[in-house]
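# Structure assessment
Each chain is listed here by its residues.
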Amino acid sequence: MVYESYLCTSKIRIMFNKRIKIKELLAQEPKGQEATVMGWVKTFRNNQFIALNDGSTNNNIQVVAALGKFDDELLKRITTSASLKVTGTVVPSLGKGQTMDLNAETIEILGDSDPEQYPLQPKKHSLEFLREKAHLRFRTNTFGAVFRVRHALAFAVHKFFNEKGFVYMHTPIITASDAEGAGEMFKVTTLPLEGNIPKNEDGTVNYEEDFFGKATNLTVSGQLEGELGATAFGDIYTFGPTFRAENSNTTRHLAEFWMIEPEMAFYDLEDNMNLAEEFIKYIIRYAIANNKEDLEFLAQRLADEEKQLPQDKRSEMGLMEKLDFVLNNEFERLTYTDAIDVLKNSNYSKKKKFQYEITGWGMDLQSEHERYLVEKHFKKPVILYNYPAAIKAFYMRQNDNCEPGQQTVAAMDILAPGIGEIVGGSQREERLDKLQSRMKDMEVPAEELWWYLDTRRFGTVPHSGFGLGFERMVQFVTGMTNIRDVIAFPRTPGSAEF
RNA sequence: UCCUCCUUAGCUCAGUUGGUUAGAGCAUCUGACUGUUAAUCAGAGGGUCGUUGGUUCAAGUCCAACAGGGGGAGCCA
């Protein structure tokens, strides 16, 4: 009579909720208390010792199945990655590798894992191999650590901005504007690709027949919409998926990635740089404070990997030292113009070690030049600012009183060792006439962006913002060298498995 | 998209100037052992050498195209 539908629900859940996470259990004093844990088998040694992991930490609880206490039939099913529920008493370990044992009273197999078919073994696998098993790689130590750190960084992003009174704004994923100029876009349509596509008289596609009544794409940036928010709330940030249809095949590009884009009213370029530097340091500090074990594991992994490299290719600092160094030092700030001077006077340039010669002011910096500045010359994160207007986007603020022929814009890029550009930002052009003339010069269709220009018509203010590639940040903090290893299911040209 | 390297057992890799039946470690299976730490010991099974075509008496090995992957470049975050 009472809650009859309850009979049909999964009563076992009540049992599940009694479990303790392994991370919590390992923090306790082992003194004979009872505990229930659930997780996946890492290894089963000696028909007696089960290393069990539940993803809360890379550390395992050693479950001891006393000899003779359990059926052979049950023990046979305790294989790599089988899922178990274990209840027992927590006691100090007799062995050396761990402080506590869970002496099993009951072992329940929640899910078998056929050892003939389960692809991961308790040994080192290459990252390339694990990339093809991306659905299972979270169960490895490396990816467990990487994705817990990724979570910590994501959480810290919201914490930082919330503490500063920023409004978290959800800018659209589907956008009608293709004027952002940040690269090739993915088309969004419900028109039948394999059927009759409505055409205009001149043979072009008639998007008026499409779902939105106009051509639409996946967003390449939330910035323009972000500026609308900033000119009302003062400070906003976005943190969402971003899509680029570039045919990029590198260790630092994805077709689908996550970007953080703060946009601040009443900020000039220097305020912008200050915020970006404070922000980066804050989220690194948060990860160290909350995921130290994971980072130390990743540091060790990286150190082991680098042992196999020739001396000159190894990093000068370990991962933890590198992060500490970043926290304890100011980022080097220099103008584009000064950077060209540094490069021109460098030994690399004089000895012609650059593949692309330093031709002088106005040239776009190649990644080898950026790497030289960051990794060889300054040996720390570098903020380059005041770039030539000709190589930057239309919305960046034109600097006043430039030398003839050396017009610059208030842009800034933050370059990180090993990763390259991690932040790109600028003070925005708030003067309507200057913005309009620049759009005209760069053939940006002003009529499509009428709503953007309205911010300059009604109470325009100086404002600034930047974009930070979240995966690149995760790479920097975890030391993972390939961006495909810091996102759960990477989307790259020719690859969208899972 | 361009340059470059790689593809041999479930995984990591060896395989000589082209020459008989393609090897090792780990994993798996069977057995032994039992306070182990990627447990150990013994035995067994496991291969269309990425695909297609070519050169040759003979191709894992040489050549070509294609596919997949790594690294670098460009585009960028």
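First, a word on scope: everything that follows refers to the structure included in this document. (Residues numbered from 1 in each chain as written. Chains lettered and ligands numbered in written order. Predicted model: local features only at pLDDT ≥ 70, side-chain atom pairs only at ≥ 80, totals over all residues. Heavy atoms only, no water.)

### Remarks on the overall build of chain A
Spelled out, the test is: Put simply, DSSP marks the helices as runs of H or I at least four residues long and the strands as runs of E at least two long, and each gets a number from the N terminus on. Only heavy atoms matter for contacts: two residues are in contact if any of them lie within 4.5 Å across the pair. For every accessible area listed, the method is Shrake-Rupley and the probe measures 1.4 Å; residues are considered covered only by the protein chains on display. Positive charge is attributed to Lys and Arg, negative charge to Asp and Glu, and no charge count is given to His or to the chain ends. All charge positions are set by atom: Lys at NZ, Arg at CZ, Asp at CG, Glu at CD.
Regarding its fold elements, chain A presents 16 helices and 16 strands. Summarising its shape, the C-alpha atoms of chain A cover approximately 90 × 65 × 45 Å along the three principal directions. The long-range share in chain A, meaning contacts at least 24 apart out of those at least 6 apart in sequence, stands at 69%. Counting every atom, chain A has about 26200 Å² of accessible surface; 49% of that belongs to carbon and sulfur. Separation between the mean location of the 59 positive side-chain charges and that of the 72 negative ones in chain A comes to 6 Å.

### Structural notes on the sheet that holds strand S15 (residues 420–427)
Our working rule: At least two bridges found by DSSP between two strands are what make those strands a pair. A fitted line through C-alpha atoms represents every axis, and for helices the fit uses only the stretch in contact; the resulting angles, taken between N-to-C directions, go from 0 to 180 degrees.
If you walk across this open sheet you meet the eight strands as S6-S10-S11-S16-S15-S14-S13-S12, and the pairing is mixed. Whereas interior strands pair on both sides, the edge strands pair on one side only; in this sheet they are strand S6 (167–168) and strand S12 (332–335). With five bridges joining them, strand S11 (residues 256–265) and strand S16 (residues 463–469) adopt antiparallel strand pairing. Bridge assignment links Met 264 to a residue of S16, and that residue is Ser 464. Packing of helix H8 (residues 269–290) onto the sheet brings it into contact with S11, S12, strand S13 (382–388), strand S14 (408–416), S15 and S16, and relative to S16 it is tilted by some 30°.

### Things to note about the environment of Gly 418
Rule in force here: A simple rule labels every residue: compare its accessible area, found with a 1.4 Å probe on the protein chains alone, to the largest value its type can have, and call it buried under 20%, exposed over 50%, or partly exposed in between.
Structurally, the position occupied by Gly 418 is in the loop between S14 and S15. Assessed through its relative accessible area of 63%, Gly 418 is described here as exposed. Considered as a pair, Gly 418 and Thr 481 are 63 residues apart in the sequence and their alpha carbons are 8.0 Å apart.

### With respect to the protein's contact with RNA strand B
Rule in force here: In these notes, residues near a molecule or strand are those with any non-hydrogen atom within 4 Å of it. Under this definition, polar contacts are N or O atom pairs within 3.5 Å; protein pairs additionally need one hydrogen-donor-capable and one acceptor-capable atom, and for neighbouring residues in sequence, both atoms have to be side-chain atoms. Lys, Arg, Asp and Glu make up the charged group, whereas Ala, Val, Leu, Ile, Met, Phe, Trp, Tyr, Cys and Pro make up the nonpolar group; the residues left over, Gly among them, are polar.
Around RNA strand B lies a shell of 49 residues, among which Asn 46, Ser 248, Thr 250, His 253 and Arg 472 are the nearest. Here the atoms of RNA strand B within 4 Å of the protein split so that 48% fall in sugar or phosphate, with bases taking the remainder. Note that a phosphate oxygen of RNA strand B is positioned 3.4 Å from one of the side-chain N or O atoms of Thr 251. Among the elements of the structure, strand S1 (34–45), helix H5 (127–132), S11, helix H13 (367–377), S15 and S16 are those that each provide at least two residues to the surface near RNA strand B. When residues of the surface near RNA strand B are assigned to their parent elements, the largest contribution, four residues, is made by S15. Here the residues of the surface near RNA strand B are counted per class, giving 12 nonpolar, 23 polar and 14 charged.

### Re the sheet that holds strand S7 (residues 174–175)
The three strands lie next to each other as S7-S9-S8, forming an open sheet whose pairing is antiparallel. With partners counted over all chains shown, the strands left at the sheet margins are S7 and strand S8 (187–188), one partner each.

### Focus on the layout of surface pockets
In plain terms, the rule: Cavities and pockets were defined on a 1 Å grid built over protein atoms only: a cavity is a set of grid points that admits a 1.4 Å probe from which the probe cannot escape, a pocket is an open set flanked by protein on both sides within 12 Å along at least five of seven lines, and lining residues are those with an atom within 4 Å of any such point. Grid points are joined across faces, edges and corners, and a volume is the space filled by probe spheres set on the points.
For the second largest pocket, the calculated volume is near 1200 Å³. Contributing to the lining of the second largest pocket are 48 residues, with Lys 42, Arg 139, Thr 140, Asn 141 and Thr 142 lying nearest its centre. Mapped onto the lining of the second largest pocket, the elements with two or more residues apiece are S1, strand S4 (83–92), H5, helix H6 (141–163) and helix H9 (292–307). Residues belonging to the lining of the second largest pocket are distributed by class as follows: 12 nonpolar, 22 polar and 14 charged.

### Notes on the packing of aromatic side chains
Note the following rule: Each Phe, Tyr or Trp ring (for Trp, its six-membered ring) is paired with any other whose centre lies within 6.5 Å, and the angle between the two planes then decides the class: stacked below 30 degrees, edge-to-face above 60, tilted in between. Geometrically, a charge over a ring is one whose NZ (Lys) or CZ (Arg) sits within 6 Å of the ring centre while staying within 35 degrees of the ring normal.
Under the counting rule described, the total for this entry stands at 24 aromatic pairs. Measuring from centroid to centroid gives 5.7 Å for Tyr 336 and Tyr 387, while their planes differ by 40°, and the two rings are tilted. Placement of Tyr 336 in helix H11 (residues 336–344) and of Tyr 387 in strand S13 is noted, with a sequence separation of 51 residues between them. Three or more aromatic residues joined by ring pairs form one cluster here, namely Phe 160, Phe 161, Phe 166, Tyr 168, Tyr 237, Phe 279, Tyr 282 and Phe 466. Cation over ring: Lys 392 sits above Tyr 387, and NZ or CZ is 4.2 Å from the ring centre.

### Points about a nonpolar patch on the surface
The test is simple: Patch membership requires over 30% relative accessible area and the absence of a salt bridge. Like charges are linked within 9 Å, and nonpolar side chains (Val, Leu, Ile, Met, Phe, Trp, Tyr) within 5 Å. Each salt bridge in this description consists of a side-chain nitrogen of Lys or Arg and a carboxyl oxygen of Asp or Glu lying within 4 Å of one another.
Together, Ile 173, Ile 174, Phe 211 and Phe 212 make up a nonpolar patch on the protein surface, roughly 380 Å² of accessible area in all. With respect to the element layout, Phe 212 can be found in the loop between S8 and strand S9 (216–218).

### Let's talk about unusual backbone geometry
Even without a glycine there, the phi angle at Asn 47 is positive, about 55°. Positionally, Asn 47 belongs in the loop between S1 and strand S2 (49–53). Relative accessible area serves as the criterion here: at 43%, Asn 47 is assigned to the partly exposed category.

### Details of the pairing of S14
The element S14 is largely enclosed, with a buried count of nine among its nine residues. Side chains Thr 408, Ala 410, Met 412, Ile 414 and Ala 416 project from S14 onto one buried face, and the interleaved Val 409, Ala 411, Asp 413 and Leu 415 project onto a second face that is buried too. Where S13 and S14 come together, six bridges link them in antiparallel fashion. Residue pairing for S14: Tyr 387 is matched across the bridge by Val 409. Looking at chain direction, S14 and S15 are connected through six bridges and run antiparallel. The residue of S15 that forms the bridge with Asp 413 is Gly 424.

### With respect to helix H14 (residues 432–441)
The line we're drawing: Working definition: the arc comes from the directions between the helix axis and the C-beta atoms, pointing outward to the latter.
Every buried residue of H14 is listed here: Leu 435, Arg 438 and Met 439. Angular distribution of buried residues about the axis of H14 spans 100°; they occupy a single face of the element. Of the residues in H14, the exposed ones pointing more than 90 degrees away from the buried face are Asp 433, Lys 440 and Asp 441. Residues of H14 that are buried in the fold lie against S14 and helix H15 (450–457).

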